Structure formats: structure tokens, C-alpha cells
Amino acid sequence: MRNTIFMTMVAASIVAVTSCSKDGSGAIEGENVPAPVSFRISARSDASQTSLTRLYVAERIGEHDNGEDLHCCLAEDITEVSSDGSSLAYSLTGMTAQWYKFAFISVPDAVRYGDDAISGAQMFLYDGVTSLPEAKCDFNRIYIDFEPVLKAQKADSTLARTADLHIYRKVIDRWLLPDVTLTEDVLMQRITGRLEIDMGILEDQFPHEIESITLTLNTPEQVYLHDQSAGEVLLRGDSYNDHVFRYDSFRWNEGERFIIRVDLLPETVNGNITVKYNGTSESAVYPVYAGNDYVTVKSNTRTVVHFNGIEDGFYEVRYAGFLDGDAIVGVDDDVWDDQL
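What counts and what doesn't
- Residues numbered from 1 in each chain as written.
- Predicted model: local features only at pLDDT ≥ 70, side-chain atom pairs only at ≥ 80, totals over all residues.
- Heavy atoms only, no water.
- Helix = DSSP H or I, 4+ residues; strand = E, 2+ residues; numbered from the N terminus.
- Buried < 20%, exposed > 50% of the residue type's maximum accessible area, 1.4 Å probe, protein only.
- pLDDT = per-residue confidence, 0-100.
- Contact = heavy atoms within 4.5 Å.
- Pairing = 2+ DSSP bridges.
- Axes fitted to C-alpha atoms, helices over the stretch in contact; angles between N-to-C directions.
- Phe/Tyr/Trp six-rings, centres within 6.5 Å; stacked < 30°, edge-to-face > 60°.
- Disulfide = S-S within 2.5 Å.
- Salt bridge = Lys/Arg side-chain N within 4 Å of Asp/Glu carboxyl O.
- Core = buried A, V, L, I, M, F, W, Y, C linked by side-chain atoms within 4.5 Å.

Turning our eyes to something else, we now look at the overall build of the protein. For the protein, the count of helices and strands is three helices and 26 strands. Sorting the 340 residues of the protein into buried and exposed places 48% on the buried side.

Structure below.
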């Protein structure tokens, strides 16, 4: 998916709900009345070829005495392509007139690197086990595993330049009401971000030819599906691990800037860069921070860190959003915002 995705949700005519509340609690009259729902998902790119889009539907069931705040009553992959190939179509049956939480999530899928590929279906987990689409479970215990994307980027350092590796999500709370057709555009937002480290022209920055540059990050691997419908990104606190990204292909003495690009879950950067010189045992280690300030990866934001050379020993940091309509190409210089 190379950009945001628009989804249109249409609820067909529904009957007989006369009492409801904003948070989904309270008595519901006619809650067993059928309320069919259909979706049409349109993308402004060829996202359907490289991503997996899944819909989760959750409800509150008062008679469940199992500690579930939200019961996930449905989970389905959306794969049916329209005749013109420009949209995804899906219909829900068996819905009743009541309150639901709809969670739309899209992850990378079938993105190849070497002899392997990212499997989007393996990124949906529940208590550490792959969450199958038909699983019935506690909605707030579903999470997305970003580790396969980190693994792919470690194996292929060019992947963030050539593929969309981001997670997109939108969660909405809605009542299905009687005799009303609900038509709504749902805009999914990128909840991951990008870290770019601009090392500059290497022969101008370092005293010797470089054999390798290694970026070591302690970064989260997993994020919960739920966001309380306000866009919060809730990371799993026990999912942080060290990841090492190694780069050993350089164009020395050609005046070319060397830039590291890694797509990550949003979090304060905790890591360092190790530069090893060619033909020697000498190396240098630089923590990734700007002066006395930490560097932060933010959702839907590119964090660009400029290395100012070994004499300065620190970085300059700038933040910017992704260029609308393309998750690969950057933004113009005048769009940068240091306070974003």
C-alpha cells in the first residue's frame, strides 16, 4: 500500500432498535433484528497487490462472565476484487441492530526479499499465537507483530525504498440503527513511521574508507489493534528487542550521500551507529541523539537525522509527514517542521 486507503461502509436497511447509548452500553430493543452490512474498499494505488486488509468487529456482551471488555465476534480478510480491479468489496451477514466496534487494519503481505516474503497473515497475533480470521476472542488482546517487517529490512537494506512496509489502521464505533442506510468513508491512517539517518558524503565525514556501518536499535515489535477510536498507538511493553541493521555496500569517492532508511513502530529511538573502517580493527560508535534531545519516531511521520560529522559528534533532527499519495517518495524541503 503506497498511500492511505479509503473505505466506504454501507449498512443496508435495518429495523427495530429504539434505545441506545454513546458507549454501547444499556438496553437494546430489537437487538436480534438482522442488520446486513456491506463494504467497498477503494485504494488510490496498487495496494491490494502487496497488502492484506482485515476487518475485525467487536461487541459488548453483558452475559459473558470471562473478563472480556469487548468480544471479537467477527474477523475476516477482505480479498474480493471488483470487476474493474480498482476496489475491494465485502458483505457482512448475520449482523444485528446494535452497537459495534469496527477495526480496519492493513499490513504488508507478499513483499519479497531474497528467497523469502513477508506474510501478512502471520502478523496478526493473539496471546503469541497466530490469530486466524475465524478466531473468536477478546478484542483488546489482539495485536500486530511488526517483527517480520523488521526481519525483512535487516535482510534487504533497500526494501524501505522500494516497498510499502507500513501498518494502516482505523477503528470506529457505530450503532446499526433501524430503517437507516449508513454510508461512510473510512480513511485508514499510517500508524508506523520512518527513521532516516543521513550520514552525508562518507569520504567527507570519515578519515578512512568504511567497511561497514551498523545500526543497532532496541525497538518495539508489537502494537495492539485497539486504539479507543481516537488514534492512540498502544505498544506491547514486553515486545522490545535489539535489532541490528548492517550496511556494507558503499560508493566511495563518488560524492554520494549515504542514507539509512528503516520503517518502525513509533517510539523514542534507543540505539547507536557503529562505523568500522576498512583494513583496520578501528571503529567508532555514535549514539543516536541530537545534542541533549532524544530522537523520536512518530506515526505517519518521517524522522530525518543528519549526521554532522565526527568533529561535532551529534545529529540534527527534522520531522515531516509523508507526501500525500506516496509512501515511498519524501517531502519537499519547505514542508519540514522541527516541532511536528
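What follows concerns the confidence of the model for the protein. Chain-level pLDDT for the protein is 77 on average; 68% of the residues reach the 70-or-more range. Note on residues 1–28: pLDDT under 50 across the span, and 123 contacts to partners over four residues away in sequence or across chains. Across residues 324–340, where pLDDT falls below 50, the model places 43 contacts with residues more than four positions away in sequence or in other chains.

Here the focus is the sheet that holds strand 6 (residues 99–108). With respect to topology, six strands assemble into an open sheet ordered 11-4-3-6-13-15, the strand pairing being antiparallel. The two strands at the open ends of the sheet, each matched to only one other strand, are strand 11 (137–138) and strand 15 (189–190). Here strand 4 (residues 71–77) runs beside strand 11; their pairing, made up of two bridges, is antiparallel. The residue of strand 11 that forms the bridge with cysteine 72 is cysteine 137.

Moving on, we get to the pairing of strand 13 (residues 168–175). Bridge count between strand 6 and strand 13: eight bridges; the pairing is antiparallel. Its bridge partner being in strand 13, tryptophan 99 is matched across the sheet by tryptophan 175.

On to the sheet that holds strand 17 (residues 210–220), then. The strand order 19-17-22-23 describes an open sheet built from four strands, whose pairing is antiparallel. On the outer flanks of this sheet lie strand 19 (240–247) and strand 23 (283–287), each paired with one strand and no other. Averaged over all pairs of adjacent strands, the angle between their axes in this sheet comes to 15°, without regard to strand direction. In terms of strand pairing, strand 22 (residues 271–277) meets strand 23 through five bridges, oriented antiparallel. The residue bridging isoleucine 273 from the neighbouring strand is tyrosine 286, located in strand 23. On the sheet, helix 1 (residues 147–155) packs against strand 17 and strand 19 and is oriented at approximately 20° with respect to strand 19.

This part covers the packing of aromatic side chains. Going through the model one piece at a time under the given rule, you end up with nine aromatic pairs. Residues tyrosine 100 and phenylalanine 102 carry aromatic rings whose centres are separated by 6.0 Å and whose planes lie at 50° to one another, so their mutual orientation is tilted. Taken individually, tyrosine 100 and phenylalanine 102 each receive the classification buried, so the pair is uniform in this respect. Members of the aromatic cluster, each reached through a chain of ring pairs, are Phe206, Tyr277, Tyr286 and Phe307.

Two cysteines form a disulfide when their sulfur atoms are joined by a covalent bond. Per the counting criterion, the structure on display carries zero disulfides. Cysteine cysteine 72 remains unbridged, with the sulfur of cysteine 137 as its closest cysteine sulfur at 4.7 Å. Look at cysteine 72 and you get buried, because its relative accessible area is 0%. Among the residues examined, cysteine 137 registers a relative accessible area of 4% and is labelled buried.

Let's shift gears to the pattern of salt bridges. Pairing between side chains becomes possible if they bear opposite charge and their charged atoms approach one another. Considering all chains together, one arrives at 12 salt bridges under this definition. Aspartate 198 is the partner of arginine 257 in a salt bridge, and the nearest nitrogen-oxygen pair spans 3.2 Å. Remark: aspartate 198 occurs in strand 16 (residues 193–201) and arginine 257 occurs in strand 20 (residues 257–264); sequence separation between them is 59 residues. A residue is classified by how much of its surface remains accessible, and arginine 257, at 47% relative accessible area, is partly exposed. Looking at aspartate 198, the relative accessible area reads 6%, which means it is buried. Through salt bridges with shared partners, one network takes in Glu196, Arg261 and Arg302.

This brings us to unusual backbone geometry. Notably, alanine 110 is not glycine yet its phi reads approximately 60°, a positive angle. By secondary structure assignment, the location of alanine 110 is in the loop between strand 6 and strand 7 (111–113). The residue asparagine 300 is not glycine, and still its phi comes out positive at about 55°. For asparagine 300, a relative accessible area of 28% gives the class partly exposed.

A word on the nonpolar core. One recurring pattern in soluble globular proteins is that nonpolar side chains are buried together. Core analysis: the largest hydrophobic core is formed by 66 residues, its most contacted members being Tyr56, Ile197 and Leu215. Listed in part, the 15 residues of the second largest apolar core include Cys73, Phe104, Tyr168 and Ile172.

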